[in-house]
Amino acid sequence: MSIKKINQIGPFEWSRTLPQNLAASDKWLFANAIDISCNEISITIGKNILVDITQGIALNNFSAIVEESLVIPKYFSNYKSLKFIGRAWANFIKDRAYLSSHPCLLIHDAACSNYGHWMTDAVSRLYYARDLIGSHRIILPATYRKQKYRLESLIPFGVREENIVYVDSSVALIKDFAMPSFMGPCFVNPKDEIAREIREIYHRFYNLSRPKQGTRLYISRAGASYRKVVNESQVIDLLLGKGFTVVYPEQLSFEDQVRAFAAAEIVVGLTGAAFNNMMFMYSGCPVVEFRLENDNHNLHYFSYASAHELPYYYISCRGDTTDRTFANFFVDLDSLDSTVEIALDCI
């Protein structure tokens, strides 16, 4: 049976708000994320769809990749090969694939193994397909069961434990299949209105309201194995003097993270998964991101701040390598002091 699309909206075009402290010489760093176009958003449905559970990739008629399931569709040709399809079939036989007798919903992708991508990719896709929660079960890798934040992040949408199927096999055959597309021009950047509507769902669920006097948070990555602030002790000393509190999000429950960031009047931190928690902040509250100098690729947090109407400030930092993923940052204290003061003035 051929697949088809339902609930189609779009395409869309819009522009993002520029950084509040954008230097003329730095415009090129953000140029790729200013004017945005987004293809249509939809839900793909079909019968007897084979799913690579680890990567969240779907095959129609057991042989054709469903392009909408790819994190980056421009790499579609990489997955059309007989090698990829043959591997899926081999896993189907070897692993005794999970056979679903009930309708299932696919919301994850290969990048969702970490908190940041789960909150931006999977949660936004579930939001769009939320009307199917009662009739479909969400299909996830068995390894996801160990991480409590996954279920906790879905509960505000009406999901319960019994709505989820954790699959041990690497592939699954879904009799009645549904899959929402990615919610924006990039898999980590849901469309602005969708991002704000998701924030509202969390605020309502936890009965939150904008605080009269917000907190000031600095996100530490001291517990991470890479991408740290080399001179963090000095950074923390400076920020403590301005009334900031140091937060280690990985030590907090999901609910505590929601409450902590919803109560923040300003957040300062380094590029990393926990910075996605800005999605719980109220519009108008500034964020300050430490960015690797000359990096015009990692623009997610700039984009996410614009989507949530959060004034965005940045500090370009020297790295101990040019590797965008693994570099450790050195934060210039004078730049930090002046940038935070400017950001505080907008509160």
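None of these values were measured; they are calculated from a predicted model. Position numbers for residues start from 1 in each chain and track the written sequence from start to end. pLDDT decides what is reported in this predicted model: residues at 70 or higher carry local features, side-chain atom pairs at 80 or more are listed and counted, and totals for whole chains, interfaces and linings draw on all residues regardless. Side-chain measures here rest on the full set of heavy atoms in the structure, leaving out hydrogens and waters.

Visitor: Any chance you could explain the overall build of the chain here in plain terms?
Guide: Note on conventions: DSSP H or I runs of at least 4 residues are helices, E runs of at least 2 residues are strands, and numbering of each starts at the N terminus. Looking only at helices and strands, one finds 10 helices and 17 strands in the chain. Computed over the C-alpha atoms, the radius of gyration of the chain is 21 Å, within 12% of the 20 Å expected from 2.2 N^0.38 for a compact globule of 347 residues. Only protein chains enter the accessibility calculation, which uses a 1.4 Å probe. A residue is then buried if its area is under 20% of the maximum for its type, exposed if over 50%, and partly exposed in between. Looking at the chain as a whole, 54% of its 347 residues qualify as buried. When contacts within the chain are restricted to residue pairs at least 6 apart in sequence, those whose partners lie at least 24 apart make up 77%. Note on areas: these come from Shrake-Rupley sampling with a 1.4 Å probe, and a residue is covered only by the protein chains present in the view. With an accessible surface of roughly 15600 Å², the chain has 49% of that area assigned to carbon and sulfur atoms. Each radius of gyration is computed over the set of C-alpha atoms, and the globule rule expresses the reference value as 2.2 Å times the number of residues to the power 0.38. Whether two residues touch is decided by their heavy atoms; if any such pair falls within 4.5 Å, the residues are in contact.

Visitor: Would you take a moment to explain the nonpolar core for this structure?
Guide: The nonpolar side chains of soluble globular proteins are, as a tendency, buried together. By convention a nonpolar core is built from buried Ala, Val, Leu, Ile, Met, Phe, Trp, Tyr and Cys residues, the set being connected through side-chain atoms within 4.5 Å. Trp-118 and Tyr-202 are the most contacted members of the largest nonpolar core, which has 67 residues in total. Among the elements that take part in this core, helix H4 (residues 115-128) stands out by supplying eight residues, more than any other. Residues within four places of Tyr-202 in sequence aside, it is in contact with Met-119, Val-123, Ser-153, Pro-156, Phe-157, Phe-254, Met-279 and Phe-280.

Visitor: Can you walk me through the pattern of salt bridges in this structure?
Guide: Think of it this way: side chains of opposite charge can pair up when their charged atoms draw near. The term salt bridge refers to a pairing of a side-chain nitrogen on Lys or Arg with a carboxyl oxygen on Asp or Glu at a separation within 4 Å. In total, this model carries 10 salt bridges according to the counting rule given. Between Glu-68 and Lys-5 there is a salt bridge whose closest N-O contact spans 2.9 Å. Of this pair, Glu-68 sits in the loop between strand S6 (64-65) and helix H2 (76-79) while Lys-5 sits in strand S1 (residues 4-9), placing them 63 residues apart in sequence. Here Glu-68 falls in the partly exposed class, since its relative accessible area comes to 24%.

Visitor: Could you clarify how one ought to interpret the side chain of Arg-227 in this entry?
Guide: Assignment of secondary structure puts Arg-227 in the loop between strand S12 (215-219) and helix H7 (232-240). Two residue types count as positive, namely Lys and Arg, and two as negative, namely Asp and Glu; His and chain ends fall outside the count. Buried charge Arg-227 goes without a salt bridge, the closest partner of opposite sign being Asp-323 at 7.4 Å. Polar contact is defined as a pair of N or O atoms within 3.5 Å, subject to the rule that within protein one atom must be able to donate a hydrogen and the other to accept it, and that residues adjacent in sequence are counted only when both atoms are side-chain atoms. A polar contact of 3.1 Å, which involves the side chain of Arg-227, links it to the backbone oxygen of Thr-325. Sequence-distant contacts of Arg-227, defined by excluding residues within four places in its chain, comprise Arg-221, Leu-270, Thr-271, Gly-272, Arg-324, Thr-325, Phe-326, Ala-327, Asn-328 and Phe-329.

Visitor: I tried to follow the sheet that holds S12 on my own but got confused; where do I start?
Guide: Adjacent strands of a sheet pair through backbone hydrogen bonds, lying either parallel or antiparallel. DSSP-based pairing: two strands are paired if at least 2 bridges between them are found. With mixed pairing, the six strands of this open sheet are ordered in space as S13-S12-S14-S15-S16-S17. With partners counted over all chains shown, the strands left at the sheet margins are strand S13 (245-247) and strand S17 (329-330), one partner each. Alignment of strand S16 (residues 312-319) against S17, held across two bridges, turns out to be antiparallel. When the bridges of S17 are listed, Gly-319 appears paired with Phe-329. Each axis is a line fitted through C-alpha atoms, and for a helix only the stretch in contact is used; angles between axes span 0 to 180 degrees, taken between their N-to-C directions. Taken strand by strand, H7 contacts S12, S13, strand S14 (264-270) and strand S15 (287-292), and its axis lies near 175 degrees from that of S12.

Visitor: What is the right way to read empty space enclosed by the protein from this model?
Guide: By rolling a water-sized probe across the atoms, one finds the places where empty space is left. Lining residues are defined by having an atom within 4 Å of a point belonging to a cavity or pocket. Those points lie on a 1 Å grid over the protein atoms alone, cavities being sets where a 1.4 Å probe fits but cannot get out and pockets being open sets with protein on both sides within 12 Å along at least five of seven lines. Grid points are joined across faces, edges and corners, and a volume is the space filled by probe spheres set on the points. With the rule as written, the count across this model stands at one cavity of 30 Å³ or more. For the largest cavity, the calculated volume is near 40 Å³. Lining of the largest cavity is provided by Arg-227, Thr-271, Glu-289, Arg-291, Leu-292, Asp-295, Asn-298, Arg-324 and Phe-329. With three residues, the top contributor of residues to the lining of the largest cavity is S15. Residue type decides the class: Asp, Glu, Lys and Arg count as charged, Ala, Val, Leu, Ile, Met, Phe, Trp, Tyr, Cys and Pro as nonpolar, and the leftover types, Gly among them, as polar. Tallied by class, residues from the lining of the largest cavity come to two nonpolar, two polar and five charged.

Visitor: Got a minute to help me understand unusual backbone geometry in this structure?
Guide: Most peptide bonds take the trans configuration, and most residues that are not glycine carry a negative phi. The omega angle of the peptide bond from Gly-10 to Pro-11 is 5 degrees, so this bond is cis rather than trans. Mapping Pro-11 onto the fold places it in the loop between S1 and strand S2 (12-15). Positive phi outside glycine occurs at Asn-7, with the angle close to 55 degrees. One can find Asn-7 in strand S1.

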